[in-house]
Amino acid sequence: MKDLPASRPRLPRDRRRLISWLTDTAEKVRTATVPFKIGDVVLGDDPFNGRRLGVVSVIRGSSLGLRTAADAHPDLVPEVIYYDYRQVRTPE
């Protein structure tokens, strides 16, 4: 019978560093196109999620996670609503 190792062999250190660097660089390229930064107050308008005013709390690729004003009231459940960055603008 063939003996199978319990886990995959570790990659060489240089290769792990290269993979890590490529992953980090790809993430920066994906988020570099978003014109907002975490902490900005924005207005999201989407036919499915509705119009919500909130603070940018998450940036993943081209999506923004808005923490809404419902967090200010203790009885309401905090929520993060995700919008495409093209559906978000700064309030006037």
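Everything discussed here concerns the structure shown above.
Scoring rules and cut-offs
- Residues numbered from 1 in each chain as written.
- Predicted model: local features only at pLDDT ≥ 70, side-chain atom pairs only at ≥ 80, totals over all residues.
- Heavy atoms only, no water.
- Helix = DSSP H or I, 4+ residues; strand = E, 2+ residues; numbered from the N terminus.
- Contact = heavy atoms within 4.5 Å.
- Areas by Shrake-Rupley, 256 points an atom, 1.4 Å probe, with all protein chains shown as cover.
- Salt bridge = Lys/Arg side-chain N within 4 Å of Asp/Glu carboxyl O.
- Buried < 20%, exposed > 50% of the residue type's maximum accessible area, 1.4 Å probe, protein only.
- Core = buried A, V, L, I, M, F, W, Y, C linked by side-chain atoms within 4.5 Å.
- Patch = residues over 30% accessible without salt bridge, like charges linked within 9 Å, V, L, I, M, F, W, Y side chains within 5 Å.
- Pairing = 2+ DSSP bridges.

Draft legend 1. Structural context of the overall build of the protein chain. Helix and strand counts for the protein chain stand at one helix and five strands. Pairs at least 24 residues apart make up 38% of the contacts formed inside the protein chain by residues separated by at least 6 positions. Total accessible area computed for the protein chain in this model is approximately 7500 Å², and 56% of it derives from carbon and sulfur atoms.

Draft legend 2. Spatial organisation of the pattern of salt bridges. For the structure shown, the criterion picks out four salt bridges. Notably, a salt bridge pairs Glu 79 with Arg 52, separated by 3.2 Å at the nearest N-O pair. Taken together, the positions of Glu 79 in the loop between strand 3 (63–68) and strand 4 (80–84) and Arg 52 in strand 2 (residues 50–60) put the pair 27 residues apart, joining distant regions of the chain. Overall, Arg 52 belongs to the partly exposed group, its relative accessible area being 29%.

Draft legend 3. Seen up close, the nonpolar core. Counting residues in hydrophobic clusters, the biggest one holds nine residues: Val 34, Phe 36, Val 42, Val 56, Leu 64, Leu 66, Ile 81, Tyr 83 and Val 88. Those elements giving two or more residues to this core turn out to be strand 3 and strand 4.

Draft legend 4. The arrangement of a nonpolar patch on the surface in detail. Together, Leu 18, Trp 21 and Leu 22 make up an exposed nonpolar region whose accessible area comes to about 340 Å². Examined against the element boundaries, Leu 22 turns out to sit in helix 1 (residues 13–31).

Draft legend 5. Fine view of the sheet that holds strand 3. The five strands lie next to each other as 4-3-2-1-5, forming an open sheet whose pairing is antiparallel. Two strands bound the open sheet, and with one partner strand each, they are strand 4 and strand 5 (88–89). Sheet topology note: the strand 1 (residues 41–46)/strand 5 ladder contains two bridges and is antiparallel. In the strand pairing of strand 5, Leu 43 is matched with Arg 89.

Draft legend 6. Main features of the environment of Thr 90. With respect to the helices and strands, the residue Thr 90 is situated in the segment after strand 5. Owing to a relative accessible area of 48%, Thr 90 belongs among the partly exposed residues under this scheme. Separated by 47 residues in sequence, Thr 90 and Leu 43 have C-alpha atoms that sit 5.8 Å apart. If we skip the residues at most four places from it in the chain, Thr 90 touches Phe 36 and Val 41.

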